[in-house]
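So the chains spell out like this:
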Amino acid sequence: MLPIGSIVNACAIIGGATIGCLLQSRFPERIRSIVFQGLGLCVLLIGIQMALKVQNILIVIFAVLLGGITGEWLRLDTLLERAGNRFKKLVRSKNATFTDGLVTTSLLFCIGAMAIVGSLEEGIRGDATVIYTKSILDGFAAIAFAATYGTGVIFSFIPVLLYQGTITLGASFFQQYFSDMMIAQITGCGGLLIVGIGINLLELTEIRLANLLPSLVYVIVLTFFFA
């Protein structure tokens, strides 16, 4: 079966981001600045709400610590930056914030219970309602982010389509591993990373979020064995 929900989600991101890019040139610098700060506050709220869903905080703490060490050792931030810059050259974009927009929104759109639960629901029951709802939310978010970051946001549809589409197509296999507990732990850990996005948007400090991405793998492994 085709992952129709994920395809619709990808189209919503493309459409929203395109509108945002068209609006970007119409915004004076002071408007873009306040939009950026508003996005930071909203992302903080989203991240906190997600983080509070965690059921075993110790597992998440160890996952983040181990993930951070692994990410620094692998230098994931450098690898992702290089990949983003290569893709930027491939599409011949001159946008200075292309890579930041691509990485930030990819993380935001892929992490969360709606992405996992919605993809499983479509794959197992053929019901894409959750993914359609997520598509609306992502589309509007893409408008705001693209108005700030530019064209890089458009291409965040690629990881979203691959991630959610894979879960949908392999739903019967993944279902046994994505229990309510597992989804809560992934959502909680992902929420912490999204809080980091908000902190970066507000320029409170610079958190190398790419190097914390392995924590999402560790939280799955640790929850499976110790929860």
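About the thresholds
- Residues numbered from 1 in each chain as written.
- Predicted model: local features only at pLDDT ≥ 70, side-chain atom pairs only at ≥ 80, totals over all residues.
- Heavy atoms only, no water.
- Helix = DSSP H or I, 4+ residues; strand = E, 2+ residues; numbered from the N terminus.
- Buried < 20%, exposed > 50% of the residue type's maximum accessible area, 1.4 Å probe, protein only.
- UniProt positions renumbered as here; feature names shortened; annotations may be inferred.
- Disulfide = S-S within 2.5 Å.
- Phe/Tyr/Trp six-rings, centres within 6.5 Å; stacked < 30°, edge-to-face > 60°.
- Salt bridge = Lys/Arg side-chain N within 4 Å of Asp/Glu carboxyl O.
- Core = buried A, V, L, I, M, F, W, Y, C linked by side-chain atoms within 4.5 Å.
- Contact = heavy atoms within 4.5 Å.
- Polar contact = N/O pair within 3.5 Å; in protein donor to acceptor, adjacent residues only side chain to side chain.

- The protein is annotated in an unreviewed UniProt entry as DUF554 domain-containing protein of Pseudodesulfovibrio indicus.

A few points about unusual backbone geometry
Moving on, step 1. Even without being glycine, arginine 75 reaches a positive phi, approximately 55°.
Moving on, step 2. Note on placement: arginine 75 falls in the loop between helix H3 (57–74) and helix H4 (76–90).
Moving on, step 3. Residue arginine 75 is classed as exposed on the basis of its relative accessible area of 56%.
Moving on, step 4. For glutamate 203, which is not a glycine, the phi torsion comes out positive at approximately 60°.
Moving on, step 5. Note on placement: glutamate 203 falls in the loop between helix H10 (180–201) and helix H11 (214–226).
Moving on, step 6. The class for glutamate 203 is exposed, based on a relative accessible area of 64%.

Focus on the UniProt feature "transmembrane region" (unreviewed entry) in the protein
Moving on, step 1. Within this numbering scheme, the UniProt entry marks residues 6–23, 58–76, 97–120, 140–162, 183–202 and 208–226 as carrying the feature "transmembrane region" (unreviewed entry).
Moving on, step 2. Secondary structure content for residues 6–23 is 100% helix and 0% strand, and the end C-alpha separation is 26 Å.
Moving on, step 3. Within the segment residues 183–202, helix and strand shares are 95% and 0% respectively, and the terminal C-alpha atoms sit 28 Å apart.

What about the state of the cysteines?
Moving on, step 1. This model, assessed by the stated rule, comprises zero disulfides.
Moving on, step 2. The structure places no disulfide on cysteine 21, whose sulfur is separated from the nearest cysteine sulfur, that of cysteine 11, by 16 Å.
Moving on, step 3. Residue classification places cysteine 21 among the buried positions, given a relative accessible area of 18%.
Moving on, step 4. Cysteine cysteine 110 shares no disulfide, and the gap to the nearest cysteine sulfur, in cysteine 189, comes to 15 Å.

What about the packing of aromatic side chains?
What characterises a pair of aromatic rings is the spacing of the ring centres plus the angle enclosed by the ring planes.
Moving on, step 1. In this structure the tally under the stated criterion is nine aromatic pairs.
Moving on, step 2. Seen from their ring centres, phenylalanine 87 and phenylalanine 155 are 5.0 Å apart, and the 80° between their planes marks the pair as edge-to-face. Of this pair, phenylalanine 87 sits in helix H4 while phenylalanine 155 sits in the loop between helix H7 (129–149) and helix H8 (157–169); the two residues are 68 residues apart in sequence, bridging distant segments of the chain.
Moving on, step 3. Residue phenylalanine 87 is classed as partly exposed on the basis of its relative accessible area, which comes to 22%.

Here's the deal with the pattern of salt bridges
Moving on, step 1. Taken as a whole, this structure holds four salt bridges when the rule is applied.
Moving on, step 2. Across the pair arginine 125 and glutamate 121 runs a salt bridge, and its minimum N-O distance is 2.7 Å. Of the two residues, arginine 125 and glutamate 121 are both situated in helix H6 (residues 113–125); the distance of four residues between them amounts to about one turn of the helix.
Moving on, step 3. Taken together, the shared-partner salt bridges connect Glu72, Asp77 and Arg208 into one network.

Things to note about the nonpolar core
Moving on, step 1. Counting 43 residues, the largest nonpolar core has Phe145, Ile197 and Leu201 as the members making the most contacts within it.
Moving on, step 2. Top contributing element to this core by residue count: H10, with eight residues.
Moving on, step 3. Ignoring any residue separated from it by four or fewer positions in sequence, one finds leucine 201 in contact with Phe36, Leu39, Gly40, Val43, Phe145 and Tyr149.

Thoughts on the side chain of serine 106
Moving on, step 1. One can find serine 106 in helix H5 (residues 98–110).
Moving on, step 2. For serine 106, a relative accessible area of 11% translates into the label buried.
Moving on, step 3. Here the side chain of serine 106 touches leucine 102 through a polar contact of 2.6 Å, landing on its backbone oxygen.
Moving on, step 4. Once residues within four sequence positions are removed from consideration, serine 106 is found in contact with Ser156 and Pro159.

Things to note about the environment of valine 54
Moving on, step 1. Considering the arrangement of structural elements, one finds valine 54 in the loop between helix H2 (29–51) and H3.
Moving on, step 2. C-alpha separation for the pair valine 54 and glycine 190, spaced 136 residues apart in sequence, amounts to 9.8 Å.
Moving on, step 3. If we skip the residues at most four places from it in the chain, valine 54 touches Val60, Ala184, Gln185 and Gly188.

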